[in-house]
Amino acid sequence: MTLKLAPTPLVAILRGVRPDEAEAIAGAIVEAGFGAIEVPLNSPEPLDSIARIALRFGERVLVGAGTVLEPHEVDDVAEAGARLVVSPNADRAVIGRAAKLGLIVLPGVATMTEAFEALKAGASGLKLFPGEAIPPEVVRAWRSVLPKGTSLFPVGGVTPERIGPYRRAGADGFGIGSALYKPGAGVEAVARAAQAFVKAWNGAD
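Definitions and cut-offs
- Residues numbered from 1 in each chain as written.
- Predicted model: local features only at pLDDT ≥ 70, side-chain atom pairs only at ≥ 80, totals over all residues.
- Heavy atoms only, no water.
- Helix = DSSP H or I, 4+ residues; strand = E, 2+ residues; numbered from the N terminus.
- Rg over C-alpha atoms; globule rule 2.2 N^0.38 Å.
- Buried < 20%, exposed > 50% of the residue type's maximum accessible area, 1.4 Å probe, protein only.
- Contact = heavy atoms within 4.5 Å.
- Areas by Shrake-Rupley, 256 points an atom, 1.4 Å probe, with all protein chains shown as cover.
- Lys, Arg positive; Asp, Glu negative; His and termini not counted.
- Charge placed at Lys NZ, Arg CZ, Asp CG, Glu CD.
- 1 Å grid on protein atoms, 1.4 Å probe; cavity = no way out; pocket = protein on both sides within 12 Å on 5 of 7 lines; lining within 4 Å.
- Points joined across faces, edges and corners; volume = space filled by probe spheres on them.
- Nonpolar A, V, L, I, M, F, W, Y, C, P; charged D, E, K, R; others polar.
- Polar contact = N/O pair within 3.5 Å; in protein donor to acceptor, adjacent residues only side chain to side chain.
- Salt bridge = Lys/Arg side-chain N within 4 Å of Asp/Glu carboxyl O.

1. Notes on the overall build of the chain
- Summing up its helical and strand segments, the chain has 8 helices and 9 strands in all.
- A compact globule built from 205 residues should have a C-alpha radius of gyration of about 17 Å, and the chain, at 15 Å, falls within 12% of that.
- Overall, the chain is about 45 × 40 × 25 Å in size when its C-alpha atoms are taken along their principal axes.
- Within the chain, the proportion of its 205 residues that are buried is 53%.
- Considering only residue pairs separated by 6 or more positions, the chain has 62% of its internal contacts joining residues 24 or more positions apart.
- Split by element, the accessible area of the chain, about 8,900 Å² in all, is 53% carbon and sulfur.
- Side-chain charges of the chain comprise 21 positive and 22 negative groups, with the mean position of each set lying 8 Å from the other.

See the structure below:
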């Protein structure tokens with residue numbers, strides 16, 4: 001399926017964000033024009049951060065959880081208000097549980113075999129991870145054989161400069177982590193980084 005995020009298909013990965021700063025950081029990212037925000041579950045009190053961001057910005061962007069490894073975690077994040085489930089791997093039970101709850105699920109895949117298995121299990125799209133090992137040339141090759149409309153999101157090592165080559169190869173969006181936010185980063189720094197990524201996306205047509 002083709003996953004459409006608005007205003008841009010950029011997913012902010014806020015690994016390490018704290019609940020007391022989550023809304024301010026998320027606000028800068030929403031204002032810049034990102035389409036989704038993900039709080040990995042190995043962050044401090046992630047369910048609290050997810051709940052705060054979802055309550056404040058859930059009507060404007062897709063809010064979700066990352067590093068979801070177990071089916072019961074899908075239930076936990078859904079209860080917190082997440083509508084997006086992202087994993088570093090392609091666990092059929094996690095994918096199936098998220099799909100059953102009507103959530104958007106992006107499992108991590110690194111091979112063509114994993115990609116097809118994830119799609120069979122009900123994945124909404126594919127997180128190409130780690131992105132450093134899946135350059136634009138590989139994305140172009142994958143695009144030629146995957147079902148038409150499959151959404152591909154490189155994650156890992158994405159910089160504003162790499163967005164253009166990836167888009168031309170067939171990437172549909174990106175997950176952006178440490179180049180956007182690192183623990184301790186201030187709101188202004190995050191806002192500048194977010195704006196640079198949105199500018200790169202808008203200029204890469």
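2. Observations regarding the layout of surface pockets
- Put simply, the largest pocket is a space of about 290 Å³.
- Along the walls of the largest pocket sit 18 residues, with Ile13, Arg15, Val155, Gly177 and Ser178 positioned nearest its centre.
- In terms of residue class, the lining of the largest pocket is built from 9 nonpolar, 6 polar and 3 charged.
- Volume-wise, the second largest pocket comes out at about 170 Å³.
- Looking at the lining of the second largest pocket residue by residue, the classes come out as 5 nonpolar, 2 polar and 3 charged.

3. Notes on the side chain of Ser151
- Mapped onto the elements, Ser151 comes out in the loop between helix H6 (136-145) and strand S8 (152-154).
- The class for Ser151 is buried, based on a relative accessible area of 0%.
- A polar contact of 2.5 Å, which involves the side chain of Ser151, links it to the backbone nitrogen of Leu3.

4. A few points about the pattern of salt bridges
- Throughout the structure, instances matching the rule amount to 8 salt bridges.
- We note a salt bridge from Asp20 to Arg18, for which the minimum N-O separation is 3.0 Å.
- In this structure, Arg56 and Glu23 form a salt bridge, with 3.1 Å as the shortest nitrogen-oxygen distance. Here the residue Arg56 occupies a position in helix H2 (residues 46-57), and Glu23 occupies one in helix H1 (residues 19-32), the gap between them amounting to 33 residues.
- Residue classification places Glu23 among the partly exposed positions, given a relative accessible area of 26%.
- Salt bridges sharing common partners tie together Arg18, Asp20 and Glu21.

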